Amino acid sequence: MNLKNTLILLIISIVFLVSIQAVHANGPYPITWAPEDAIPPQLKPPTEDVAQLDEVIDDSAYVKPYDIPMILNDSVESHIEYFKTRGRERFQVWLDRSERYIPMMKKIFKEKNLPEDLVYVSMIESGFNPYAVSWCRAVGAWQFMAATGKLYGLKIDWWIDERKDPIKSTMAAAEHLKDLHGIFGSWPLALASYNAGAGKVQRAVLRTHSDDFWDLKASRYIKPETKNYIPKYMAATIIAKNPEAYGFTISNVEPFKYDEVVIEESTDLRLIARCAGCNYQDVKELNPEIKRWVTPPQYDKYTLRIPSGTKEAFLANYAAIPPEQKIKWERHEVKKGETLSSLAKQYNTKPEAIRDINGLKKGRISPGKHLLIPIDINDKNSDLSYLTMGQTAKQQQILYRVKRGETLNRIAKKHNVTIADIREWNKGIGTVRAGQKIKLVVDTDQI
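To start, this report covers the structure provided alongside it. Just so it is clear, the model here is predicted, and its values are computed rather than measured.

What counts, and at which threshold
Residues numbered from 1 in each chain as written. Predicted model: local features only at pLDDT ≥ 70, side-chain atom pairs only at ≥ 80, totals over all residues. Heavy atoms only, no water. Disulfide = S-S within 2.5 Å. Buried < 20%, exposed > 50% of the residue type's maximum accessible area, 1.4 Å probe, protein only. Axes fitted to C-alpha atoms, helices over the stretch in contact; angles between N-to-C directions. Helix = DSSP H or I, 4+ residues; strand = E, 2+ residues; numbered from the N terminus. Left-handed = near helix turned anticlockwise from the far one by under 90°. Contact = heavy atoms within 4.5 Å. Nonpolar A, V, L, I, M, F, W, Y, C, P; charged D, E, K, R; others polar. Core = buried A, V, L, I, M, F, W, Y, C linked by side-chain atoms within 4.5 Å. Expected span 1.5 Å × (residues − 1). Bend = angle between axes of the 7 residues up to and from the residue.

Turning our attention to the state of the cysteines. Overall, the coordinates contain zero disulfides when judged by the stated rule. Note on Cys275: no disulfide assigned, nearest cysteine sulfur contributed by Cys278 at a separation of 9.6 Å. Its relative accessible area of 3% is what places Cys275 among the buried residues.

It is worth spelling out the packing of helix α12 (residues 269-276) against helix α14 (residues 311-319) at this point. Across the interface, α12 lies against α14 with an axial gap of 7 Å and an inter-helix angle of 120°. The two elements α12 and α14 cross, and the hand of that crossing is right-handed. Here α12 contributes Ile272, Cys275 and Ala276 to the contact with α14, which in turn contributes Ala313, Phe314, Asn317 and Tyr318. A breakdown of the residues in the contact of α12 with α14 according to their chemical character gives six nonpolar, one polar and no charged.

Okay, the nonpolar core next. Formed by 59 residues in total, the largest nonpolar core has its most connected members in Phe91, Met123, Trp142, Tyr194 and Tyr233. Of all the secondary structure elements, the ones that give two or more residues to this core are α3 (74-84), α4 (88-111), α5 (120-126), α7 (166-184), α8 (187-196), α9 (198-208), α10 (213-217) and α11 (224-240). Within the second largest apolar cluster, 27 residues are counted, among which are Ile272, Val294, Phe314 and Ile321.

Along an α-helix, residues three or four positions apart point the same way, because every turn accommodates 3.6 residues. For α4, spanning 24 residues, the distance from its first C-alpha to its last is 33 Å, which sits close to the expected 34 Å at 1.5 Å a residue. The largest bend along α4 measures about 50° and falls at Glu99, with the proline Pro103 one to four residues further on. If you check which residues of α4 are buried, you get Phe91, Gln92, Trp94, Leu95, Ser98, Tyr101, Ile102, Met104, Met105, Ile108 and Phe109. Tucked inside the fold, the buried residues of α4 contact α3, α5, α7 and α11. Backbone geometry just after α4 places Asn113 at a positive phi near 55°.

Interpretation note: all reported values are geometric properties and have no functional meaning in isolation.
In structure tokens:
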């Protein structure tokens, strides 16, 4: 190597060493900040957007559209589409009926510090129908089974069924839903439990290791009916809170209004209607819990609803009725060998009265059948003109699941219908098997 090349390498080495010392003296990776003005405008923080967000959050007038968070996924949209198309006519009926009951129901949920949108559970359960009866004999607007209804204080016996009462059943449903939410801490899971039962949902949560309803829906641990229950509820709620946006109409239906009177002795509802200046059906619709056409005799003081604005007239007319015309009632189970004549003699009444009051087409009565019998009637003084049968019961078509060992004959006797009736309702069905569902038409007063 010649001298010239040696000098060049020496100079390069010296420059490199000086650079390394400068870096160590100033610290590793020195950073030089550019002035703020040097940041391109498109990269500056979105201060205006943040301000708008804060304004929305702090706005006390902002109202959430739903009390329970809604999710608009494929399943919910599918149910919305169904209600708008194939289920349109039925959903419109639900909307019309809801106008009568929703104000009262929302008030109850608000008083119990629960989301008011829970009222739409009644929409998908029964369409707000107090007389609704399912194939498994769940009854009323909230579709309570007998055991669950009694657990939440609803009285169910031969005379009354408080599952049909829109106010009492709503109060029971509110308590039931509150308990279910207390178990799961989630409204979707609480509502799924309302449909399937808390035990089944708890087992599904344990097996999926998830407390998210949509994870349960994707699993095989809950039934299809429960999988569709929450999407159906959300779809119904979304439409019901803005029906016109989905092509439905809002009907002008009178809300559930009434006066209350206390009845101290069992009284025929037709007599009560006459005193209130209204129709028997008006009284019946305000008191759907009453299964017969008389107020229950086991109550010394029974609170009865009559049309709004009729209380004063009712009290005056009712007080003027002679005691012998306020008929007392007896429930009698027919025994073998008894006839209408023998029963009339036993209870000091007339065979025709027993026949007409119980809607018997013929004079024959069957052992085991229950009859309502008016007693202590004085033939000369009693005015029975209001005791015309007319509309004393409503008929409801139900789907009945056949139990093991049951035959058409047994089912017919159980529901007070004929085998011919069952065959007519079920396209000439011959025999039945356990688990099979058949159509029956039953009197809701007998449920």
